[in-house]
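# Understanding the architecture of this molecule
Letter by letter, the chains look like this.
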Amino acid sequence: MPRLLIVHHTPSPHCQEMFEAVVAGATDPDIEGVEVIRRPALTVSPVEMLEADGYVLGTPANLGYLSGAMKHAFDCAYYQLLDSTRGRPFGVYIHGNEGTEGAERGLAAITTGLGWAQVAETVVVMGKPTRADVEACWNLGATVAAQLMG
Ligand SMILES: Cc1cc2nc3c(=O)[nH]c(=O)nc-3n(C[C@H](O)[C@H](O)[C@H](O)COP(=O)(O)O)c2cc1C
């Protein structure tokens, strides 16, 4: 069964709300035949990254870049993923309070290097997620999961 891996760093209730909405979208009953796995960015292994067929990456913006946790996940897996995962679909959500451009740029550079295919617009939320933000996260999870349906 195709596998969607949600790699996330979730240090606060606002990030948790976004994460839960992404999971809810990805696991919607209308999306059949896709296994959805969630792993914290600090503990996901390169093998788990390799064995997935698509990805949702969720991170806060920290110090003008993606979180150290998300960077750690790619620091550990980048060369294992390179060339073996080209073309795989992915989506991104980012939470911040000041400015998320550096995080967006950082993730774009990593995923471009890997040759992954972004299949949904990046969801950026500042401060408390609105209802529309939560819906956007739900749609993100559903859109990437739907790409993996047989
Ligand atoms: C050390 C540190 C650095 C941060 N740097 C940024 C930043 O560069 N840009 C930004 O938008 N938010 C920044 N933030 C805010 C985090 O993105 C925010 O705390 C996180 O998304 C959780 O959201 P919440 O605090 O509203 O629950 C930073 C937070 C911390 C703790």
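Since we're looking at a predicted model, the values are computed, not measured.

### Focus on the overall build of the protein chain
Helix and strand counts for the protein chain stand at five helices and seven strands. Moving toward the C terminus, one meets the helices and strands of the protein chain in the order β-α-β-α-β-β-α-β-α-β-β-α. Here the C-alpha atoms of the protein chain give a radius of gyration of 14 Å, agreeing with the 15 Å that 2.2 N^0.38 yields for 150 residues. Overall, the protein chain is about 35 × 35 × 25 Å in size when its C-alpha atoms are taken along their principal axes. Here the protein chain, with 150 residues, has 47% of them falling under the buried criterion.

### With respect to the site of the ligand
Around the ligand, the structure places 13 residues, and the nearest of them are Ser 12, Ala 61, Leu 63, Gly 64 and His 95. One of the backbone N or O atoms of Ala 61 is found 2.7 Å from an oxygen atom in the ligand. Isolated, the ligand exposes 610 Å² of accessible area, and the fraction of that covered by the protein chains is 69%. Its atoms largely coinciding with the cavity grid, the ligand occupies the largest pocket. Those elements giving two or more residues to the shell around the ligand turn out to be helix 1 (13-26), strand 3 (54-62) and strand 5 (89-96). Tallying contributions element by element places strand 3 first for the shell around the ligand, with three residues.

### A few points about helix 3 (residues 68-81)
Helix length check: helix 3 (14 residues) gives 19 Å between terminal C-alpha atoms against 20 Å at 1.5 Å per residue, within 8%. In the structure, helix 3 departs most strongly from a straight axis at Asp 75, where the bend amounts to approximately 35°. When we look at burial in helix 3, the residues that qualify are Ala 69, Met 70, Ala 73, Phe 74, Ala 77 and Leu 81. Here the buried face of helix 3 lies against strand 1 (3-8), helix 2 (46-51), strand 3, strand 4 (65-66) and helix 4 (101-114). Phi turns positive one or two residues past the end of helix 3, at Asp 83, with a value near 75°.

### Examining the packing of aromatic side chains
Taken as a whole, this structure holds four aromatic pairs when the rule is applied. Ring plane angle 5° and centroid distance 4.0 Å describe the contact between Tyr 55 and Trp 116, whose orientation is recorded as stacked. Residue Tyr 55 is located in strand 3, and its partner Trp 116 is located in the loop between helix 4 and strand 6 (117-118); the two are separated by 61 residues in the primary sequence. Just as Tyr 55 is buried, Trp 116 falls in that class too. Taken together, the ring pairs connect Tyr 55, Phe 74, Phe 90 and Trp 116 into an aromatic cluster.

### Quick notes on the nonpolar core
Of all hydrophobic cores here, the largest spans 25 residues; its most connected members are Val 7, Leu 57 and Phe 74. Of all the secondary-structure elements, those providing two or more residues to this core are strand 1, strand 3, helix 3, strand 5 and helix 4. If one sorts the elements of this core by residue count, helix 3 sits on top with six residues. With residues near it in sequence (within four places) discarded, Leu 57 still touches Val 7, Met 70, Phe 74, Phe 90, Gly 91, Val 92, Tyr 93, Leu 107, Thr 111 and Trp 116.

### Comments concerning the UniProt feature "domain: NADPH-dependent FMN reductase-like" (unreviewed entry) in the protein chain
UniProt feature "domain: NADPH-dependent FMN reductase-like" (unreviewed entry): in the numbering of this structure it lies at residues 49-127. The span residues 49-127 is 39% helix and 32% strand, and its two end C-alpha atoms sit 29 Å from each other.

### A short note on the pattern of salt bridges
Counting across every chain of the model gives five salt bridges. The partner of Arg 39 in a salt bridge is Glu 48, with the nearest N and O atoms 2.5 Å apart. A relative accessible area of 28% means that Arg 39 is categorised as partly exposed. Between Lys 71 and Asp 75 there is a salt bridge, with its nearest N and O atoms 3.2 Å apart. Note that Lys 71 and Asp 75 are positioned in helix 3 at a spacing of four residues, about one turn of the helix. Look at the salt bridges and you will find they share partners, linking Arg 3, Glu 35 and Glu 51 into a network.

Each value, and the rule that gives it
Residues numbered from 1 in each chain as written. Predicted model: local features only at pLDDT ≥ 70, side-chain atom pairs only at ≥ 80, totals over all residues. Heavy atoms only, no water. Helix = DSSP H or I, 4+ residues; strand = E, 2+ residues; numbered from the N terminus. Rg over C-alpha atoms; globule rule 2.2 N^0.38 Å. Buried < 20%, exposed > 50% of the residue type's maximum accessible area, 1.4 Å probe, protein only. Near = heavy atom within 4 Å. Polar contact = N/O pair within 3.5 Å; in protein donor to acceptor, adjacent residues only side chain to side chain. Areas by Shrake-Rupley, 256 points an atom, 1.4 Å probe, with all protein chains shown as cover. 1 Å grid on protein atoms, 1.4 Å probe; cavity = no way out; pocket = protein on both sides within 12 Å on 5 of 7 lines; lining within 4 Å. Sits in = over half its atoms within 2 Å of the grid points. Expected span 1.5 Å × (residues − 1). Bend = angle between axes of the 7 residues up to and from the residue. Contact = heavy atoms within 4.5 Å. Phe/Tyr/Trp six-rings, centres within 6.5 Å; stacked < 30°, edge-to-face > 60°. Core = buried A, V, L, I, M, F, W, Y, C linked by side-chain atoms within 4.5 Å. UniProt positions renumbered as here; feature names shortened; annotations may be inferred. Salt bridge = Lys/Arg side-chain N within 4 Å of Asp/Glu carboxyl O.

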